[in-house]
Amino acid sequence: MPRLSLLALFGLAYTVLLEAMLAAAILFWPEFAANLASFRSMTSAIPIAGEMMQKIEQEGFTAYVLGQHFFKGCNALGTAAAVLFAAPAVAGEAQRGTLEMWLALPFSRTRLLLERWLAGALALVVPVFLCTLTIPLLGARVDEYEPYAPYLACAAQQSLFLLAIYALTFLCSCLGSNPNKIALLVLFVAVFQFALYMVKTLTHASLFRLCDMDVLLAIALDGRWSAPIVLGLATFVVATLGGSLVAFRRRCP
């Protein structure tokens, strides 16, 4: 099956799963809010989870949605999607023995790579925005009336974070020839980073701090973007894309 068709299929599945998780979480909100004290006592043994519950107690529905949709849903499914879309982009062609035929197309290597990079990037971030657009509609079902702008701003921050993971995996794909090993390696690092996040003494060493509830709440409630985080992520994406272009231009079939 052509890559674009696969991306469309996986992108649709990713969107459906993300939306299903979001809808279930929002519709569960009234019950969650009514039993918040019980849920907080259940998470007291895990300091980081307890801090999240405290933020939900303070900020209510907005913090709950940010935690459920972005930090839990998008970070988990989005990371998996970023790896799935990027790992086989070039390495998959090499593994199947079709890289030479792809390179024989009457286009420059720069164009071939940028088109492939952009297709995967769009498949990764468009579902985040599409699902985010349904938050006010779903919120109205549980008597929570929310504006679109704060959540779309958070979707932009989330997308930038996921693009950094995607760009890194894409670079590895340009350098390697085994997409399965690349995917497993990046996913292992991601799981390790998330494990660090959940340990109070090590949490600030986790890359997931770049798109956690603190960062998202600052954007959603006060419109405060962290310039070092945004510029750092954007620079990383551009740098890894540049590295991918260099590696691809030098690559032999």
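What you see is a predicted model, and the numbers here were worked out from it, not measured in a lab.

Cut-offs applied
- Residues numbered from 1 in each chain as written.
- Predicted model: local features only at pLDDT ≥ 70, side-chain atom pairs only at ≥ 80, totals over all residues.
- Heavy atoms only, no water.
- Phe/Tyr/Trp six-rings, centres within 6.5 Å; stacked < 30°, edge-to-face > 60°.
- Helix = DSSP H or I, 4+ residues; strand = E, 2+ residues; numbered from the N terminus.
- Buried < 20%, exposed > 50% of the residue type's maximum accessible area, 1.4 Å probe, protein only.
- Lys NZ or Arg CZ within 6 Å of the ring centre and 35° of its normal.
- pLDDT = per-residue confidence, 0-100.
- Salt bridge = Lys/Arg side-chain N within 4 Å of Asp/Glu carboxyl O.
- Expected span 1.5 Å × (residues − 1).
- Contact = heavy atoms within 4.5 Å.
- Patch = residues over 30% accessible without salt bridge, like charges linked within 9 Å, V, L, I, M, F, W, Y side chains within 5 Å.
- Areas by Shrake-Rupley, 256 points an atom, 1.4 Å probe, with all protein chains shown as cover.

## Thoughts on the packing of aromatic side chains
At step 1: Inspection of the entire model under this criterion finds 14 aromatic pairs.
At step 2: Between Phe161 and Phe208 the ring centres are 5.6 Å apart and the planes differ by 55 degrees, which places this aromatic pair in the tilted class. Taken as a pair, Phe161 in helix α10 (residues 149-175) and Phe208 in the loop between α11 (179-197) and α12 (213-222) lie far apart in primary sequence, 47 residues in all. The exposure classification of Phe161 matches that of Phe208, with both residues buried.
At step 3: Plain terms: the ring middles of Tyr166 and Phe170 are 5.9 Å apart, the flat faces sit at 45 degrees to each other, and that makes the pair tilted. Within this pair, Tyr166 and its partner Phe170 are both found in helix α10, separated by four residues, close to a single helical turn.
At step 4: You can call Tyr166 buried: its relative accessible area is 0%.
At step 5: For Phe170, a relative accessible area of 0% puts it in the buried group.
At step 6: Among the aromatic residues, those joined into a ring-pair cluster are Phe28, Trp29, Phe32, Phe61 and Tyr64.
At step 7: Taking the ring centre of Phe248 as reference, the NZ or CZ of Arg109 above it sits at 5.7 Å.

## Looking at the confidence of the model for the protein
At step 1: In the predicted model, the protein carries a mean pLDDT of 92, and the fraction of residues at 70 or more is 98%.
At step 2: In the model of the protein, helix α3 (residues 36-42) stands out as the element of lowest mean pLDDT, 77, in contrast to α10, which has the highest, 97.

## Side note on the pattern of salt bridges
Once their charged atoms are close, side chains differing in charge can pair, the charge on each being opposite to the other.
At step 1: Under the criterion given, the structure shown has eight salt bridges.
At step 2: For Glu115, the salt bridge identified is with Arg111, shortest N-O distance 2.8 Å. Taken together, the residues span about one helical turn, with Glu115 and Arg111 both in helix α8 (residues 109-132) at a distance of four residues.
At step 3: Residue Glu115 is classed as partly exposed on the basis of its relative accessible area of 42%.
At step 4: Residue classification places Arg111 among the partly exposed residues on the basis of a relative accessible area of 41%.

## Some points on helix α1 (residues 3-27)
At step 1: The end-to-end C-alpha distance of α1 is 36 Å, a good match for the 36 Å that 25 residues give at a rise of 1.5 Å each.
At step 2: Looking only at α1, the buried set comprises Arg3, Leu7, Gly11, Tyr14, Thr15, Leu18, Leu22, Ala23, Ala25 and Ile26.
At step 3: Buried residues along α1 sit against α2 (29-34), α5 (61-86), α8, α9 (135-141) and α10.

## Looking at a nonpolar patch on the surface
At step 1: Taken together, the side chains of Leu118, Leu122, Val126, Leu130, Leu133, Leu137 and Tyr148 present a nonpolar region at the surface, about 620 Å² in accessible area.
At step 2: Here the element with the most residues in the nonpolar patch is α8; it accounts for four residues.
At step 3: Its place among the elements puts Leu133 in the loop between α8 and α9.
At step 4: For Leu133, a relative accessible area of 35% translates into the label partly exposed.

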